[in-house]
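Notes for the structure review
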Amino acid sequence: MEGGCKFSGGIEKANLILSTGLLQRSWLSISELQRSPHLRFFVQNLPKCTIVAFSADHSQAAPEALQPTLQPLDEKHPTLGFLVTKNVPSVSIHSAPLSAFLHLLNTTDLEAQLKALTSKGQPRLILVGESLGGSVAALCTLWLLQSTHPLPPICITFGSPLLGDVGLQNAVGNIEQWKTQFWHVVGHGDPIPRLFLPNSFRPFGTYFLVSGSSCACFYDPDSVVQLLEIGRLNVSSAETNFKGYGFVLKQLQEKSKYRSDVPLTDNYQDSLKADLSLQLAAAGIGTNAQGELLRVLEEKEIAINERRKRAANPSKKLNEVKQRMAQLEWYKKYCETMGKVYYECYKKRLGKTDIDIVTVKNSIHKYWKDKVEEAESKPQAPDARMRTRWLFSGVTCMRMVEPLDIADHFIKHERKKKDYGRTQTEGAANRLQVTDYLSVRAEHYKVLDRWYKEEAQMGTKKKSKAPSLTEDSCFWARVEEARLKLDELLTTADVSREFELKKGLIEFEAYIMKLVNNYELSPEVFLRESSFLGWWRKYERKLAAGGYYSPRIPLELPQGSQEQGAVIRWWSKYEEEAEPAGEHCSSNIHVRFWNGLGLSSEGFLETKSEFVARWREKEEQGLNPADTSPFACFMKGKYYESYK
């Protein structure tokens, strides 16, 4: 098998686990608990770990009393509903340990103790149990794994029956970090682990199979089922007199210092086949009975190793994405040195550098799409969807990459418009509507947005400076839509459509001012070749032409009130003295002027001189007092300069 899988390593891994002494220490905790029949769980604090042992009534643990009854779960189950996901819609669990576990949670202080034992700074938590107690320990471990812990708990069971169906097997087995947390010790001749075969029950986790003084680890669920089934069929009357796991562990400990005495009768030249044959012998299956099983195990081991090669370390993948993000950040800085926004350069793609960024963008997009889908499919509580560092990395990438996806969206529209214009009139091509980007926005962006907002609610800090990246990753989509609305407004003759377009642009003004006031808008949008500034220049000309006004601070003065009357009188006097004859404005200019000055009902002017002084102040700033909103003031005035 040149270049392929040389060894399985099941015996070596089993011996390594045995050498830690953790199995022996766990069994001692179970033994201490069994001396107190009235206790159902027992906590033992050790220097490097904390062991919680679980037990069940001896009547329940007897083979004749255990029935293969599965209880289905749904996503609304108060304790284990998180196991039911989009990818695993059906999960069923053995009813006996499930009821015992729920009884413990509801009638004891187990929940409070476990939360304290898994808090930050606590040593590793080991949950153990024999027979049905081991099943309760496994359910408790699953319940703890739904939330992220610095040190995930480990579950060790001794002679426990299978816990659930294929749904539970998939829910645990689909998460690499979960399935490695479960160790199941099964002795040769113990009937309880084989009790529910060949029913709908399925195994998960690592199985530590023991026979005499030998042991081996098996991971593949199908292989474990076959091994347990063979053991069930081969149990003789002599072997059913199982001496218990205390005796088994003592035997293993005494002979762990010596080389395994398992014979290898066949001369296998294939190292993997020889290693698997040793594992089967250690599990109590002689070479004469291995036959087809050995071939199946070899095929599965090869397939497992191939999957491991393809599945790179998640942190390594994240680091690769960070390198591509560094390329994208360099591209952003490079564009800014030329006074351009990277969004604009990418959209125009005038150079090789712009074209090369397409590959970088696509790889980052795919990585986070897969990552979010994986996180959504994991059976975890809503508050543990992604680790904080992964979530914030994802949001940063979204704010950097989604503008480029927006550019691709509008590039497609321009191409479609161009192709449409070849077969239709120019007017028809101009009327071709672009698809709203938000309606086709990638699902993983929506999910990241939602998770980030949920996370941010836990602790928000008031900002005092503008960010390097605009916090709304859809900003450029809104700019493009505002640009299209303005272009249509300048050409439309439809009064009702004109009203809708004006309303949309007023809403866009409010959106910009909200970003500005909350320091959520990146200064890069004010670069000289920004399409946002291009839109503003055209929009400014429209405002200066007197087409319409967009008040952002509503004047809440009652019709006919003294304050409103004063404004109208002041304006009338100013018109008489300052405005050329025949150039009077419409009647609603009074309200517009009030808003343009940004005055409140408490701050209205009382004299004509104060009114005129305020007017002159606006004129000196280069602003038209009659057609000035807070947005226009920001874009023209000192606030804009200070924000940059």
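What you see is a predicted model; the values in this text were computed from it and never measured.

It is worth spelling out the confidence of the model for the protein at this point. Per-chain confidence: the protein averages 76 in pLDDT, with 70% of residues scoring 70 or above. Throughout residues 424–432 the model reports pLDDT below 50, and contacts reaching past four residues in sequence, or to other chains, amount to 9 contacts. Low pLDDT, under 50, characterises residues 547–565; the predicted model gives this stretch 44 contacts beyond four residues in sequence or across chains.

This brings us to the nonpolar core. In a soluble, globular protein the nonpolar side chains are often hidden away together inside. Counting residues in hydrophobic clusters, the biggest one holds 65 residues, and the most contacted among them are Leu-328, Ile-364, Phe-475, Trp-476, Phe-532, Trp-535 and Phe-631. Setting aside chain neighbours within four positions, we find Trp-476 in contact with Val-341, Tyr-343, Glu-344, Pro-403, Ile-406, Val-525, Ser-530, Ser-531 and Phe-532. Phe-41, Val-84, Leu-105 and Trp-143 belong to the second-largest nonpolar core, a separate cluster that totals 38 residues.

A few words on the state of the cysteines. Using the criterion set out here, one finds 0 disulfides in the structure. With no disulfide of its own, Cys-155 has Cys-140 as its nearest cysteine by sulfur position, at a separation of 8.7 Å. Cysteine Cys-335 shares no disulfide, and the gap to the nearest cysteine sulfur, in Cys-345, comes to 3.5 Å. A relative accessible area of 0% means that Cys-335 is categorised as buried.

Another aspect to go through is the pattern of salt bridges. Under the definition given, this model contains 21 salt bridges. A salt bridge links Lys-361 to Asp-408; its shortest N-O distance comes to 2.7 Å. With Lys-361 in helix α15 (residues 352–377) and Asp-408 in helix α16 (residues 388–423), this residue pair connects regions lying 47 residues apart in the sequence. With respect to class, Lys-361 is no different from Asp-408; both count as buried. A salt bridge links Glu-402 to Arg-441, with the shortest nitrogen-to-oxygen separation between them at 2.7 Å. Linking Glu-402 in helix α16 with Arg-441 in the loop between α17 (426–430) and α18 (443–456), this pair joins segments that are 39 residues apart in sequence. Taken individually, Glu-402 and Arg-441 each receive the classification buried, so the pair is uniform in this respect. Through salt bridges with shared partners, a single ionic network connects Lys-347, Glu-480, Arg-483, Asp-487 and Lys-538.

Moving on, we get to unusual backbone geometry. Across the chain, the bulk of peptide bonds are trans and the bulk of non-glycine residues have phi less than zero. One non-glycine residue, Arg-349, lies in the positive phi region at around 50°. Among the structural elements, Arg-349 can be located in the loop between α14 (342–348) and α15. Positive phi values are uncommon outside glycine, yet Tyr-519 reaches one of about 55°. Looking at the secondary structure, you find Tyr-519 in the loop between α20 (495–517) and α21 (531–544). What makes Tyr-519 partly exposed here is its relative accessible area of 30%.

This part covers the packing of helix α19 (residues 475–491) against α20. Contact pair α19 / α20: the axes reach a minimum separation of 10 Å and the direction vectors enclose 150°. For the pair α19 and α20, the sense of crossing is left-handed. Residue-level inspection shows Phe-475, Arg-478, Val-479, Ala-482, Lys-485, Leu-486, Glu-488 and Leu-489 of α19 in contact with α20, the latter providing Arg-497, Glu-498, Leu-501, Lys-502, Gly-504, Leu-505, Phe-508, Tyr-511, Ile-512 and Leu-515. Taken together, the residues that form the contact of α19 with α20 break down as 11 nonpolar, 1 polar and 6 charged.

Rules behind the numbers
- Residues numbered from 1 in each chain as written.
- Predicted model: local features only at pLDDT ≥ 70, side-chain atom pairs only at ≥ 80, totals over all residues.
- Heavy atoms only, no water.
- pLDDT = per-residue confidence, 0-100.
- Contact = heavy atoms within 4.5 Å.
- Core = buried A, V, L, I, M, F, W, Y, C linked by side-chain atoms within 4.5 Å.
- Buried < 20%, exposed > 50% of the residue type's maximum accessible area, 1.4 Å probe, protein only.
- Disulfide = S-S within 2.5 Å.
- Salt bridge = Lys/Arg side-chain N within 4 Å of Asp/Glu carboxyl O.
- Helix = DSSP H or I, 4+ residues; strand = E, 2+ residues; numbered from the N terminus.
- Axes fitted to C-alpha atoms, helices over the stretch in contact; angles between N-to-C directions.
- Left-handed = near helix turned anticlockwise from the far one by under 90°.
- Nonpolar A, V, L, I, M, F, W, Y, C, P; charged D, E, K, R; others polar.

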